[in-house]
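Below, each chain spelled out in residue letters.
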Amino acid sequence: MTTLDMITRVRGVRGAMLVSPDDGLVVAEQLMEGIKGAAVAALAASLAGRLRRAMEAAGVGTSVFWHLQAERGALLVVPAASEGGILIVAVAEPDVNIGLVRLELLRAAESLA
């Protein structure tokens, strides 16, 4: 089972991606039809950079998990601790089990380390 399979097997997850935080390029993806992977990747990378700077300014360290909830779904992200800090991104339905997705994202991050 691949890193992305671990995430996409969770009920309510519509896709998972590995994204370069520096340029927002998709490294790998498993997305359902209708999800614009390039746009999601660019959004995740942009938010990751802004969040990193804000957290450094606040003196609280680096983020380990973030969750953006919208009307029709959610974006969940874990930055991997590995070299390059790849972003592991899940696109989910609004009623997804956030705790289970978070667990799988963290496991995926460990497997990439």
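Above this text is the structure in question.
Everything quoted here is computed from the prediction, not taken from an experiment.

Student: Help me understand the packing of aromatic side chains, please; the structure alone is not making it clear to me.
Tutor: Between two aromatic rings, the relevant description is the distance of the centres plus the angle of the planes. For the structure on display, the rule yields zero aromatic pairs. The ring of F65 carries the charged tip of R102 above its face, separated from the ring centre by 5.3 Å.

Student: Would you explain the nonpolar core in this entry?
Tutor: What tends to happen in soluble globular proteins is that the nonpolar side chains get buried as a cluster. One finds I7, L76, I88, V101 and L105 to be the most contacted residues of the largest nonpolar core, which totals 20 residues. For this core, the secondary structure elements donating two or more residues are α1 (3-8), β1 (13-19), β4 (73-79), β5 (87-92) and α3 (98-112). Aside from chain neighbours lying at most four places away, what touches I7 is V13, A16, I88, A90, E104, L105 and A108. Within the second largest apolar cluster, 13 residues are counted, among which are M17, I35, A44 and W66.

Student: Would you explain the pattern of salt bridges in this entry?
Tutor: Here the idea is simple: oppositely charged side chains can pair when their charged atoms come close. Following the criterion strictly, the structure yields three salt bridges and no others. Across the salt bridge formed by R9 and E104, the nearest N and O atoms sit 3.2 Å from each other. You can see R9 sitting in the loop between α1 and β1 and its partner E104 sitting in helix α3, a full 95 residues away along the chain. Linking E104 and R107 is a salt bridge whose minimum nitrogen-to-oxygen distance equals 3.2 Å. With E104 and R107 both in helix α3 and three residues apart, the pair spans about one turn of that helix.

Conventions and cut-offs
- Residues numbered from 1 in each chain as written.
- Predicted model: local features only at pLDDT ≥ 70, side-chain atom pairs only at ≥ 80, totals over all residues.
- Heavy atoms only, no water.
- Phe/Tyr/Trp six-rings, centres within 6.5 Å; stacked < 30°, edge-to-face > 60°.
- Lys NZ or Arg CZ within 6 Å of the ring centre and 35° of its normal.
- Core = buried A, V, L, I, M, F, W, Y, C linked by side-chain atoms within 4.5 Å.
- Buried < 20%, exposed > 50% of the residue type's maximum accessible area, 1.4 Å probe, protein only.
- Helix = DSSP H or I, 4+ residues; strand = E, 2+ residues; numbered from the N terminus.
- Contact = heavy atoms within 4.5 Å.
- Salt bridge = Lys/Arg side-chain N within 4 Å of Asp/Glu carboxyl O.

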